[in-house]
Amino acid sequence: MCSSKELEFPQIFIEYYHGFSISKTIFTACELGVFDLLHEVQEPLSAATIASRLSTSEDGMERLLDACVGLKLLKVELKNNKGYYSNTDVSTMYMVKSSPKTLYYMAMYFSKVSYMCWHFLPQAVREGKCQYERAFGKSSKELFEAIYRSEEDMTNFIHFMDSTWNICGKDIVEAFDLSEFHTVYDLGGCTGSLAKQLVSTYKESTVTIMDLPKVVQTAKKHFVTDKEQQIHFLEGDFFNDPIPEADLFIVARIIHDWTEEKCIKLLTKVYQSCRPGGGVLIVELLLNEDKSGPVISQLFSLHMLVHTEGKERTPSEYTKLLTDTGFRDIKVKVFGKMYGAILGRK
């Protein structure tokens, strides 16, 4: 039941309706370099100084800065009736591009790709399909080929894909005891950000990242050091190329991209390559069994609608995919953060 106060003034709808403007405010501050500049100078700056340094209008910059203060991403102090702005601790950790836990690249991808696709959500719901072509005049395959064409664009995209594991990866690899799995393959693992978390926890394990050739080449050039001797790379397309034998396969943020048919095809290949007693670890956002939440998973399911062929699923739906392809003894772990983990055994 709603309270009389809630019926009197629809506060929740006012907040929801402005959700897109909050997102774009954050994306714009990232894109213009506001957080990076303030981190670099290490002292509060006026709107005029920030505008001059970042080549924007003073009026527009002041409004943007004030909105970021309201969102608790910046602090402001008044001196002679003039505001001087600085980063908060949370923006220093997550908005500054050079931070080890930066979400800058996620913001840029959402701003330049996702934001455009979500404009066509009504069409996606009506048609039940991806909206890349409407948003960009290209199919999803053509768009990702364009992303992979430039080394800089690919590096930025890989940064975005890695950023989640910098904040959630430790929880994932510690969800179950994986110490018995010594040979691990991470399918579509980009730079091995999740793999690094795994080998730091399980010292006896080695992890091989299997990903597309351009991804592997970029990862080895920009993201991997010689010290990471437990992590190896294999160039390949896991749908079309052979998958080598291993004790454990990690399939993180992969299954939600595809139709049931393609998921079954991939998991069948994984089962065939899995050693007896081995397993598969699926990492995805999980819906409640009655699909009543969490909101982030529900929104990401819409995200997959406008972006891909796939969707987010419930634990029982993932369990069915695994049992249909031969896996048994399915265990599910749900965290308080974004992702859940499902472990199946052969």
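Summary of the structure given here. Everything numeric here is computed off the predicted structure, so don't read it as measured data. (Residues numbered from 1 in each chain as written. Predicted model: local features only at pLDDT ≥ 70, side-chain atom pairs only at ≥ 80, totals over all residues. Heavy atoms only, no water.)

### Comments concerning the packing of helix α12 (residues 151-173) against helix α14 (residues 213-222)
Line of reasoning, step 1. Orientation of α12 relative to α14, taken along the N-to-C sense of each, is 80°, at an axis distance of 10 Å. As far as their axial angle goes, α14 and α12 are roughly perpendicular. On α14, the residues touching Glu-151, Met-154, Thr-155 and Ile-158 of α12 are Lys-214, Val-215, Thr-218, Lys-221 and His-222.
Line of reasoning, step 2. Of the residues belonging to the contact of α12 with α14, the class tally is 3 nonpolar, 3 polar and 3 charged. (Axes fitted to C-alpha atoms, helices over the stretch in contact; angles between N-to-C directions. Helix = DSSP H or I, 4+ residues; strand = E, 2+ residues; numbered from the N terminus. Parallel < 35°, antiparallel > 145°, perpendicular 65-115°, else oblique. Contact = heavy atoms within 4.5 Å. Nonpolar A, V, L, I, M, F, W, Y, C, P; charged D, E, K, R; others polar.)

### So, the sheet that holds strand β8 (residues 274-285)
Line of reasoning, step 1. Taken in spatial order, the 7 strands of this open sheet run β6-β5-β4-β7-β8-β10-β9, and their pairing is mixed. Among the strands making up the open sheet, the edge pair consists of β6 (231-235) and β9 (328-334). Between one strand axis and the next, the sheet turns by 20° as a mean value, whatever way the strands run.
Line of reasoning, step 2. Pairing between β8 and strand β10 (residues 339-345): 7 bridges, direction antiparallel. Each bridged residue has a counterpart across the sheet, and for Leu-285 the counterpart in β10 is Tyr-339.
Line of reasoning, step 3. Where α12 meets the sheet, its contacts fall on β7 (246-252), β8 and β10, and the angle it forms with β10 comes to roughly 45°.
Line of reasoning, step 4. Across the sheet, α14 touches β5 (206-211) and β6, and the angle it forms with β6 is around 150°. (Pairing = 2+ DSSP bridges.)

### Section: the pairing of strand β3 (residues 82-87)
Line of reasoning, step 1. Taken together, the 2 bridges between strand β1 (residues 45-46) and β3 define a ladder with antiparallel strand orientation. Residue Ser-46 lies in a different strand from β3, and its bridge partner there is Tyr-84.
Line of reasoning, step 2. Across 6 bridges, the pairing between strand β2 (residues 74-79) and β3 is antiparallel. When the bridges of β3 are listed, Val-76 appears paired with Tyr-85.

### Describing the side chain of His-303
Line of reasoning, step 1. On the secondary structure map, His-303 appears in helix α16 (residues 295-307).
Line of reasoning, step 2. For His-303, the side chain forms a polar contact with the side chain of Trp-118, separated by 3.4 Å. (Polar contact = N/O pair within 3.5 Å; in protein donor to acceptor, adjacent residues only side chain to side chain.)

### Describing the pattern of salt bridges
Line of reasoning, step 1. Across all of its chains, the model carries 11 salt bridges by this definition.
Line of reasoning, step 2. With a closest N to O distance of 3.0 Å, Arg-275 and Glu-245 form a salt bridge. Of this pair, Arg-275 sits in strand β8 while Glu-245 sits in the loop between β6 and β7, placing them 30 residues apart in sequence.
Line of reasoning, step 3. Close ionic contact of Lys-262 with Glu-309 constitutes a salt bridge, the shortest N to O distance being 3.3 Å. With Lys-262 in helix α15 (residues 260-273) and Glu-309 in the loop between α16 and α17 (315-324), the pair connects residues that are 47 residues apart, well separated along the chain.
Line of reasoning, step 4. Salt bridges linked by common partners bring Glu-245, Asp-247 and Arg-275 together as one network. (Salt bridge = Lys/Arg side-chain N within 4 Å of Asp/Glu carboxyl O.)

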